[in-house]
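Take a look at the letters that make up each chain.
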Amino acid sequence: MQRIFHICLLLLALIALPSVACTNLIVGKRASADGSVMISYNADDYGSYGYIHFYPAADHKPGEMRQLYDYETNNYLGEIPEVPHTYNVVGQLNEYQLAIMETTFGGREELVDTTGLLDYGSLMYVTLQRARTAREAINVWTELVEEYGYRSEGESITLADPNEVWVLEMIGKGPSVRGAVWVARRLPDDCITAHANQARITTFPLSDSENCIYSKDVIKVAREHGYFSGRDKDFSFRDAYAPNDFSARRICEARVWSFFNRFCAGMGKYVPYVAGIEQNCEEMPWCIKPDTLVSINAMKQAMRDHFEGTPFDMTSDISAGPYEAPYRPTPLYYEVDGKKYFNERPISTQQTAVTYIAQLHAGQPAYVGGVLWVGCDDANMVCYTPVYGCATQVPQCYAEGTADPFTFSMHSAYWLCNAVSNFVYPRYSQLFPEVQYLRDRLDRDFESLVTRTDAEVANMDADAARRHLTNLGLRTAQAMMVQWQSLFERLIVKYNDISIKPEENGMYLRTPGGDHVPVTRPGFNKPYRRAIVNATGDRYAVPE
């Protein structure tokens with residue numbers, strides 16, 4: 001009995017832990033450089049294996065059932081009736097250019113209903129298979145929750161099509177209570193926004209159904225639980241269901257701020273807010289109009305952000321180590337002599353399993369317009385390759401079953417990219433420029449290739465276009481894998497044993513007899529040498 005009691009306490013503690021797992025960056029069609037809607041997703045979860053979920057379009061017979069599995073554990077949850085026809089889904093994108101991505105904000109743990117049949121992952125993929133537009137997706141999502149129950153914590157969901165983007169925030173109503181409370185806001189076309197594990201919708205218009213919709217009981221449930229007691233017009237979803245504490249601001253909202261800061265001047269005034277220490281300071285707006293239009297390449301760089309050049313820069317103090325790494329071992333919080341400390345939490349992080357950017361173009365056939373840029377592993381350490389929502393096959397390196405969390409394979413993008421990144425992390429400042437050069441070159445090459453290919457398929461019939469775009473996804477992924485394996489081999493050869501083999505014009509220097517010349521041994525940089533002396537005094541001083 002005592003053991004069962006302790007297990008129950010552990011489960012409750014796990015439910016109550018604040019989730020700091022993922023980041024979504026969001027760009028309206030008039031805020032992007034090419035008129036596309038763009039949404040992104042760093043899926044960050046230690047131990048998870050990165051691959052692309054693929055569901056081919058299918059017809060279903062009456063009485064056929066869809067089995068449901070928990071997105072995070074793969075545990076069987078139950079089943080629901082299939083619809084007559086389901087759409088082609090590649091990762092977070094379907095054949096009609098509908099894209100759905102998420103971050104978990106957790107919120108009030110007492111509102112989690114573990115008896116619900118649908119978790120957030122099941123909802124993403126079931127909805128992608130059943131909806132064509134963002135508005136239709138909101139209806140499908142919320143109706144499924146109402147009928148079958150919602151078992152996850154609080155979630156922020158991005159739903160986008162080529163014409164508009166919505167952010168839906170949802171949380172349960174309590175144990176064994178069917179359904180959820182939620183609010184959805186439409187992003188103005190000329191704006192950008194983001195969410196990163198904290199609810200961001202505060203007050204919202206109660207009578208503007210064109211731009212804001214919500215569950216009929218979203219305020220009522222908050223009143224019943226004592227989360228809110230004011231006038232309806234003053235109701236804030238975030239403040240009621242996900243109180244904005246230090247962790248929410250510094251660990252989560254700081255990532256949103258860093259995205260805004262890339263594209264809008266004057267963001268320094270919100271530093272006190274995202275620093276999480278001052279209580280009475282100006283909060284960030286839900287969305288902003290960028291000073292410069294956002295390109296697909298700028299979006300990729302934003303997904304690789306570590307607060308560089310800001311007050312939260314992770315490379316400028318001793319915790320970056322001797323090689324100025326913008327990475328920190330977890331957990332986020334730690335104690336020294338009874339006092340609690342934290343690590344910064346940037347957009348780009350080592351625990352990313354898969355990273356996506358959906359780029360959705362209006363004015364083109366759906367099978368051409370929707371492209372999903374994909375990388376497995378930390379966004380900073382990979383290049384993105386294109387896979388189209390109409391694809392009838394996904395590249396082997398991204399496919400389910402190529403490997404798994406327990407089985408390494410050089411045919412798996414996740415494991416090959418992790419082999420490179422984990423070799424680079426301990427000597428980041430020395431080795432990362434090699435990764436960065438190849439990463440950025442391939443990014444540019446693939447972006448140009450997609451632009452040319454979109455023009456080529458414009459004159460093809462639909463079936464021919466699908467075949468061509470499917471093959472493009474296969475070829476670019478394979479090209480990336482070949483280049484990344486060469487990079488892995490180069491890094492091991494050139495930087496073996498914490499040294500560097502000298503090069504000239506891209507060739508290793510050799511003796512006249514063909515052997516290697518003496519390697520370079522740079523040692524620690526000057527700031528870190530001084531830090532060692534400051535910490536150890538004369539312990540390593542050479543006697544005069």
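Placed above this text is the structure.
Attention in this report is confined to the structure presented alongside it. (Residues numbered from 1 in each chain as written. Predicted model: local features only at pLDDT ≥ 70, side-chain atom pairs only at ≥ 80, totals over all residues. Heavy atoms only, no water.)

Another point: the overall build of the protein. Along the backbone of the protein there are 13 helices and 22 strands. With the principal axes as the frame, the protein shows a C-alpha extent of 80 × 65 × 55 Å. Within the protein, counting contacts between residues at least 6 apart in sequence, those at least 24 apart form 70% of the total. For the protein, the accessible area works out to roughly 24,500 Å², and carbon and sulfur atoms hold 53% of it. In the protein, 50 side chains carry a positive charge and 67 a negative one; their mean positions are 3 Å apart. (Helix = DSSP H or I, 4+ residues; strand = E, 2+ residues; numbered from the N terminus. Contact = heavy atoms within 4.5 Å. Areas by Shrake-Rupley, 256 points an atom, 1.4 Å probe, with all protein chains shown as cover. Lys, Arg positive; Asp, Glu negative; His and termini not counted. Charge placed at Lys NZ, Arg CZ, Asp CG, Glu CD.)

Before going further, it helps to spend a moment on unusual backbone geometry. A cis amide bond, omega 10°, links threonine 330 with the succeeding residue proline 331. In this structure, proline 331 sits in the loop between α8 (296-303) and β16 (333-336). A positive phi angle, near 50°, is found at glutamate 324, a position not held by glycine. Tracing the backbone shows glutamate 324 in the loop between α8 and β16. Overall, glutamate 324 belongs to the partly exposed group, its relative accessible area being 37%. Backbone geometry at asparagine 505 places phi at a positive 55°, although glycine is not the residue there. You can see asparagine 505 is positioned in the loop between β21 (503-504) and β22 (507-508). (Buried < 20%, exposed > 50% of the residue type's maximum accessible area, 1.4 Å probe, protein only.)

Let us now look at a nonpolar patch on the surface. On the surface, Tyr334, Val336 and Tyr341 cluster together into a nonpolar patch covering about 250 Å² of accessible area. Residue position: valine 336 is located in strand β16. Classification of valine 336 by relative accessible area gives partly exposed; the value is 39%. (Patch = residues over 30% accessible without salt bridge, like charges linked within 9 Å, V, L, I, M, F, W, Y side chains within 5 Å. Salt bridge = Lys/Arg side-chain N within 4 Å of Asp/Glu carboxyl O.)

Closest axis-to-axis distance for the helix α11 (residues 428-457)/helix α12 (residues 462-494) pair is 11 Å, and the angle between their directions is 165°. Our classification of the angle between α11 and α12 gives roughly antiparallel. Of the two elements, α11 crosses α12, and the hand of that crossing is right-handed. Taken together, the residues that form the contact of α11 with α12 break down as 16 nonpolar, 4 polar and 6 charged. (Axes fitted to C-alpha atoms, helices over the stretch in contact; angles between N-to-C directions. Parallel < 35°, antiparallel > 145°, perpendicular 65-115°, else oblique. Left-handed = near helix turned anticlockwise from the far one by under 90°. Nonpolar A, V, L, I, M, F, W, Y, C, P; charged D, E, K, R; others polar.)

Looking now at the pattern of salt bridges. Considering all chains together, one arrives at 27 salt bridges under this definition. As a salt-bridge pair, arginine 186 and aspartate 189 come within 3.1 Å of each other at their nearest N and O atoms. You'll find arginine 186 and aspartate 189 in the same group, each marked buried. With a closest N to O distance of 2.7 Å, aspartate 232 and arginine 223 form a salt bridge.

Our focus in this paragraph is the sheet that holds strand β1 (residues 22-27). If you trace the 6 strands from one edge of the open sheet to the other, you get β14-β1-β2-β18-β19-β20, paired in antiparallel fashion. What marks the edges here is a single partner per strand, and that holds for β14 (192-195) and β20 (385-388). Taken over all neighbouring pairs, the strand axes of this sheet differ in orientation by 15° on average, direction set aside. Here strand β18 (residues 352-360) runs beside strand β19 (residues 370-375); their pairing, made up of 6 bridges, is antiparallel. Considered in β19, the bridge of glutamine 359 is made with valine 371. Across the face of the sheet, α11 comes into contact with β19 and β20 while running at roughly 30° to β20. (Pairing = 2+ DSSP bridges.)

Right, let's talk about the packing of helix α10 (residues 413-424) against α11 for a bit. The contact between α10 and α11 brings their axes to 8 Å, and the two run at 145°. The residues of α11 that touch α10, namely those facing Val420, Phe423 and Val424, are Tyr428, Leu431, Phe432 and Val435. Class assignment of the residues belonging to the contact of α10 with α11 gives a composition of 7 nonpolar, no polar and no charged.

Moving on: the state of the cysteines. Inspection of every chain in the model, using the stated rule, returns 0 disulfides. Free of any disulfide, cysteine 390 has its nearest neighbouring cysteine sulfur in cysteine 397, separated by 18 Å. Look at cysteine 390 and you get buried, because its relative accessible area is 4%. You can see cysteine 397 has no disulfide; the closest cysteine sulfur is in cysteine 376, sitting 7.1 Å from it. (Disulfide = S-S within 2.5 Å.)

What follows is about the pairing of strand β6 (residues 76-81). The sheet contact formed by strand β5 (residues 65-69) and β6 spans 5 bridges and is antiparallel. In the sheet register, methionine 65 faces β6, and the bridge partner there is proline 81. In sequence, β5 turns back onto β6 through a hairpin of 6 residues, with asparagine 74 there showing a positive phi of about 65°.

Within the secondary structure layout, cysteine 191 lies in the loop between β13 (180-186) and β14. Considered as a pair, cysteine 191 and tryptophan 286 are 95 residues apart in the sequence and their alpha carbons are 9.9 Å apart. For cysteine 191, the contacting residues outside a window of four places in its chain are Val27, Gly28, Ala31, Cys287, Ile288, Lys289 and Pro290.

Most of strand β2 (residues 37-44) sits inside the fold, with 8 of its 8 residues counted as buried. Of the two faces of β2, the one holding Val37, Ile39, Tyr41 and Ala43 and the one holding Met38, Ser40, Asn42 and Asp44 are both buried throughout. Alignment of β1 against β2, held across 4 bridges, turns out to be antiparallel. Along β2, the bridge assignment pairs threonine 23 with asparagine 42. Relative to β18, β2 runs antiparallel, the two sharing 8 bridges. Paired with isoleucine 39 across the two strands is alanine 358, which belongs to β18.

Formed by 163 residues in total, the largest nonpolar core has its most connected members in Phe235, Phe237, Tyr241, Phe259 and Trp484. With 10 residues, α12 is the largest single contributor of residues to this core. (Core = buried A, V, L, I, M, F, W, Y, C linked by side-chain atoms within 4.5 Å.)

Distances and angles like these do not, on their own, reveal function.
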